[in-house]
Amino acid sequence: MTLRALGLMSGTSLDGVDVALIETDGERVAAFGPVGYRRYAEDERALLRRALADAAGLSDRAARPGVLADAEALVTKAHAEAVEDFLAAHRVGRRDIAVVGFHGQTVLHRPERRLTVQIGDGYGLARRIGVPVVFDLRAADVAAGGQGAPLVPVFHRALVATLDRPHPVAVLNIGGVANVTYVGDAGELIACDTGPGNALIDDFMAARSGAAWDRDGVAAAQGRADEQWIAAALAHPFFAAPPPKSLDRNAFAGLDASALSVADGAATLTALTAAAVAAVVPRLPRPPRSWIVAGGGARNPTLMRMLAERLAPAAVETGQAVGWASDAVEAQAFAFLAVRALKRLPITFPATTGAPRPMTGGATARP
Ligand SMILES: Nc1ncnc2c1ncn2[C@@H]1O[C@H](COP(=O)(O)OP(=O)(O)O)[C@@H](O)[C@H]1O
Ligand SMILES: [Mg+2]
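Residues numbered from 1 in each chain as written. Chains lettered and ligands numbered in written order. Predicted model: local features only at pLDDT ≥ 70, side-chain atom pairs only at ≥ 80, totals over all residues. Heavy atoms only, no water.

This paragraph deals with the overall build of the protein chain. If you tally the helices and strands in the protein chain, you get 13 helices and twelve strands. Here the protein chain has a C-alpha radius of gyration of 19 Å; the compact-globule value for 367 residues is 21 Å, and the two agree. Summed over its atoms, the accessible surface of the protein chain is roughly 14,200 Å², and 52% of this surface lies on carbon and sulfur atoms. (Helix = DSSP H or I, 4+ residues; strand = E, 2+ residues; numbered from the N terminus. Rg over C-alpha atoms; globule rule 2.2 N^0.38 Å. Areas by Shrake-Rupley, 256 points an atom, 1.4 Å probe, with all protein chains shown as cover.)

Shown next, in the form of structure tokens:
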């Protein structure tokens, strides 16, 4: 049975909430609906940044010390507003939506300690919007010893099936952290985080120029990448490990680019993101022949150029260029995953998260 599902994603970039409507049976996408976005205001983003700091010492995933309780209320409210604005803008009634997939906001991700924390109240959201909400989709996987990330591969495979591209196809999502899904000839999946995505670039730009990010990669395009600095960064043990593997947003926050100029620092951190993606290729069964890049990083032309250089001779295209709603792919994925969770279909697999077996997940809140 095909269901109409709404997906909500707020990623580690802390930029805002992406919204997307799809129709799906949990295997294929029958129709792509509209997408939407609810940006975080500066003060909201500042609260979320403080929440990341206050979450760093958590050992109980239900605890909400410091500003975490306030941040959780903000996340729930921002998502409710995102849904309400979206439904009004597209004249969709809440009764027309079967389920909402709610990722929440990750504030801590430590799978090696079987701990992943997404704030956001699924029950509160379901009550306010009047639609069943599937949430906490990473928890079961992590509790079973999986990485709990990435969750999007099973959706990426459904997207790749709609395209005519030579396999293997790799779908690269560049959010705060970047992750890749490898789709082989027979649809076999391998996935992992590749390393930093936009988060280091954003943090560097915020500290050095006051801008929230390097818009259109302009600063990076004016600088020179410091290859020695990149080689040293790539010596981090994360890069030597085979997939599956995942990262906390702040795993590389200790890397210090402060000695570099704004332009050279932006160029170097952008090149590090590209180099980290290229470093995964030898760990895949075969080099992908086509790369499709989604997420906010696909909007950075300097990053796209560096990826094309480091992944040659493979073709590197943006999701936008192949007809996807590039910025909303993750939101679409959470709609898809919610339907799979309702049907108790697996959402994670040994080769995508290191789960001991294909596993379903998520909790359901009914209004
Ligand atoms: N025009 C642009 N130029 C450069 N970077 C951009 C642009 N638009 C978005 N980004 C980057 O994309 C990020 C948001 O990407 P997103 O896919 O929403 O990540 P996340 O899933 O972590 O929230 C921003 O923080 C910024 O780094
Ligand atoms: Mg985002």
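Let us keep going from here.
This part covers the nonpolar core. Counting 45 residues, the largest nonpolar core has Leu172, Trp291 and Leu307 as the members making the most contacts within it. Residue contributions to this core peak at nine residues, all from helix H10 (residues 262-278). Setting aside residues no more than four positions away along its own chain, tryptophan 291 makes contact with Ala170, Leu172, Val180, Val277, Val281, Leu311, Ala314, Ala315, Val316 and Glu317. Ala80, Ala82, Val117 and Ala365 belong to the second largest nonpolar core, which has 40 residues in total. (Core = buried A, V, L, I, M, F, W, Y, C linked by side-chain atoms within 4.5 Å. Buried < 20%, exposed > 50% of the residue type's maximum accessible area, 1.4 Å probe, protein only. Contact = heavy atoms within 4.5 Å.)

Turning to its location among the elements, phenylalanine 238 is positioned in helix H9 (residues 237-240). A relative accessible area of 9% places phenylalanine 238 in the buried class. Expressed as a C-alpha distance, the spacing of phenylalanine 238 and alanine 251, which sit 13 residues apart in the sequence, is 9.5 Å. The residues contacting phenylalanine 238, other than those within four sequence positions of it, are Asp193, Thr194, Gly195, Lys245, Ser246, Leu247 and Phe252.

Two orientations exist for strands paired in a sheet by backbone hydrogen bonds: parallel and antiparallel. Across the sheet, five strands lie side by side as S9-S8-S7-S10-S11; this open sheet has mixed pairing. Unpaired on one side and paired on the other, strand S9 (189-196) and strand S11 (315-318) mark the two borders of the sheet. For this sheet the average axis-to-axis angle between neighbouring strands, irrespective of direction, equals 20 degrees. Bridge count for strand S7 (residues 169-174) against strand S10 (residues 290-294) is five bridges, and the pairing is parallel. Directly across from valine 171, in S10, lies its bridge partner isoleucine 292. Contacting S7, strand S8 (177-183) and S9, helix H5 (residues 153-160) crosses the sheet at an angle of about 55 degrees to S8. (Pairing = 2+ DSSP bridges. Axes fitted to C-alpha atoms, helices over the stretch in contact; angles between N-to-C directions.)

The next subject is the packing of helix H1 (residues 42-55) against helix H2 (residues 68-89). Where H1 meets H2, the axes come as close as 9 Å, and the angle between the chain directions of the two elements is 135 degrees. By the angle class used here, H1 and H2 are oblique. Here H1 and H2 pass one another in a crossing that is left-handed. Across from Glu44, Leu47, Leu48, Ala51, Asp54 and Ala55 in H1, the residues of H2 making contact are Leu68, Asp70, Ala71, Leu74, Val75 and Lys77. By residue class, the composition of the contact of H1 with H2 is eight nonpolar, no polar and four charged. (Parallel < 35°, antiparallel > 145°, perpendicular 65-115°, else oblique. Left-handed = near helix turned anticlockwise from the far one by under 90°. Nonpolar A, V, L, I, M, F, W, Y, C, P; charged D, E, K, R; others polar.)

A word on the pairing of S10. In terms of burial, S10 is a largely internal element, five of the five residues being buried. Of the two faces of S10, both are covered, the one formed by Ser290, Ile292 and Ala294 as well as the one formed by Trp291 and Val293. Of the pairings in the sheet, the one linking S10 to S11 comprises four bridges and is parallel in character. The residue of S11 that forms the bridge with tryptophan 291 is valine 316.

Taken together, 19 residues lie around ligand 1, and Ser13, Gly176, Asp202, Asp216 and Gly296 are the ones closest in. In the model, an oxygen atom of ligand 1 is placed 3.4 Å from a nitrogen or oxygen of the glycine 11 main chain. Within the backbone of aspartate 216, a nitrogen or oxygen atom sits 2.7 Å from a nitrogen atom of ligand 1. Coverage of ligand 1 by the protein amounts to 92% of the 570 Å² it exposes when considered alone. Looking at side-chain class alone, the shell around ligand 1 contains two nonpolar, ten polar and seven charged residues. (Near = heavy atom within 4 Å. Polar contact = N/O pair within 3.5 Å; in protein donor to acceptor, adjacent residues only side chain to side chain.)

Applying the stated rule across the entire model yields 17 salt bridges. Among the salt bridges present, the one from aspartate 136 reaches arginine 61, with a minimum N-O distance of 2.9 Å. Taken together, the residues span a long stretch of sequence, with aspartate 136 in the loop between strand S6 (133-135) and helix H4 (139-143) and arginine 61 in the loop between H1 and H2 at a distance of 75 residues. Aspartate 136 gets classed as partly exposed once you look at its relative accessible area, which sits at 21%. In the salt-bridge network here, residues are joined through shared partners; they are Arg38, Glu44, Lys77 and Glu81. (Salt bridge = Lys/Arg side-chain N within 4 Å of Asp/Glu carboxyl O.)

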